[in-house]
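What follows is each chain in one-letter form.
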Amino acid sequence: MKFVHASDRHPAIATLQSRLEQELTAGKRVLWLVSGGSNISASVQVMHDLEATITSRLTIMPVDERYGLVGHPDSNLGQLLAAGFDVKQARLIAVLRPDTSFEATADLFDNLARQAFSDNEIVIAQLGMGADGHIAGILPNSPAVASPEFVAAYASQPYQRLTLTDHALKRVSAAYVLAFGEDKQVALERLTTKLVPYADQPAQILKELPEAYVFSDQVADTT
């Protein structure tokens, strides 16, 4: 795990875009896991900067989703598309489907995710990190931290959450984490200097990945 000091998100966006471009240009099949929240504008910019001709080998899937009707206001994927995300020639995997229960959606997401990981040669995750140390939709001490499944589904107000678990994240080839703002300082300090149980700070999973780059205005470079 490496930390990259950046005053804003532009270096992270450029680095992630360059990595996707490199892998796709080399002819690799790439799965890009995208996040919601403050990552949305970054994802829109990254996709805007990718040449359309290389995106046919790209598959895009949310790392977590909030259950509800297709396109509901709190949907991570719905917010991404509303922000102007241009799929180009890539394959976009939507987790939410019409007339599908929470339980059935969890099963669908699990199957789609397992297949997507299997079908692609490189898995690149774009992640955020909460002030509480959560990553993806894995909240501290939630059912997701103990789930034996590829995808966990659980209720945590105000959402019914669907998220890839550590079993999926451990198969990520490279993670690019955007963690900006003073509210992330304590969580970043715990991540950099302390051995915190995964259940208490799910972001600790980053230490187990082959490549993990944390971009933040709250840490010093370790690259």
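Just so you know, these numbers come straight off a predicted model, no measurement behind them.

Visitor: Please give an account of the sheet that holds strand β4 (residues 64-66) that cites residues and values.
Guide: Taken in spatial order, the 3 strands of this open sheet run β4-β8-β7, and their pairing is antiparallel. The sheet is open, and its two edges are formed by β4 and β7 (151-156), each paired on a single side. Each strand of the sheet is rotated relative to its neighbour by a mean of 20°, with strand direction disregarded. Where β4 lies against strand β8 (residues 159-164), 3 bridges are found, and the strand directions are antiparallel. Within the sheet, the bridge partner assigned to Arg66 lies in β8 and is Arg161. Packing against the sheet, helix α4 (residues 102-119) makes contact with β7 and β8, and its axis sits at approximately 20° to β8.

Visitor: Tell me about empty space enclosed by the protein, and please be specific about residues and values.
Guide: All chains considered together, the criterion is met by 2 cavities of 30 Å³ or more. A volume near 40 Å³ is recorded for the largest cavity. If you trace the largest cavity, you find it lined by Val34, Ser35, Gly36, Pro62, Asn76, Leu77 and Leu80. The element best represented in the lining of the largest cavity is helix α3 (residues 76-82), accounting for 3 residues. Of the residues assigned to the lining of the largest cavity, the class counts are 4 nonpolar, 3 polar and no charged. Counted as a void, the second largest cavity has a volume near 30 Å³. For the second largest cavity, the full set of lining residues is Ala125, Leu127, Leu169, Val172, Ala175, Ile205, Leu206 and Leu209. Looking at the lining of the second largest cavity, its residues break down into 8 nonpolar, no polar and no charged.

Definitions and cut-offs
Residues numbered from 1 in each chain as written. Predicted model: local features only at pLDDT ≥ 70, side-chain atom pairs only at ≥ 80, totals over all residues. Heavy atoms only, no water. Pairing = 2+ DSSP bridges. Helix = DSSP H or I, 4+ residues; strand = E, 2+ residues; numbered from the N terminus. Axes fitted to C-alpha atoms, helices over the stretch in contact; angles between N-to-C directions. Contact = heavy atoms within 4.5 Å. 1 Å grid on protein atoms, 1.4 Å probe; cavity = no way out; pocket = protein on both sides within 12 Å on 5 of 7 lines; lining within 4 Å. Points joined across faces, edges and corners; volume = space filled by probe spheres on them. Nonpolar A, V, L, I, M, F, W, Y, C, P; charged D, E, K, R; others polar.

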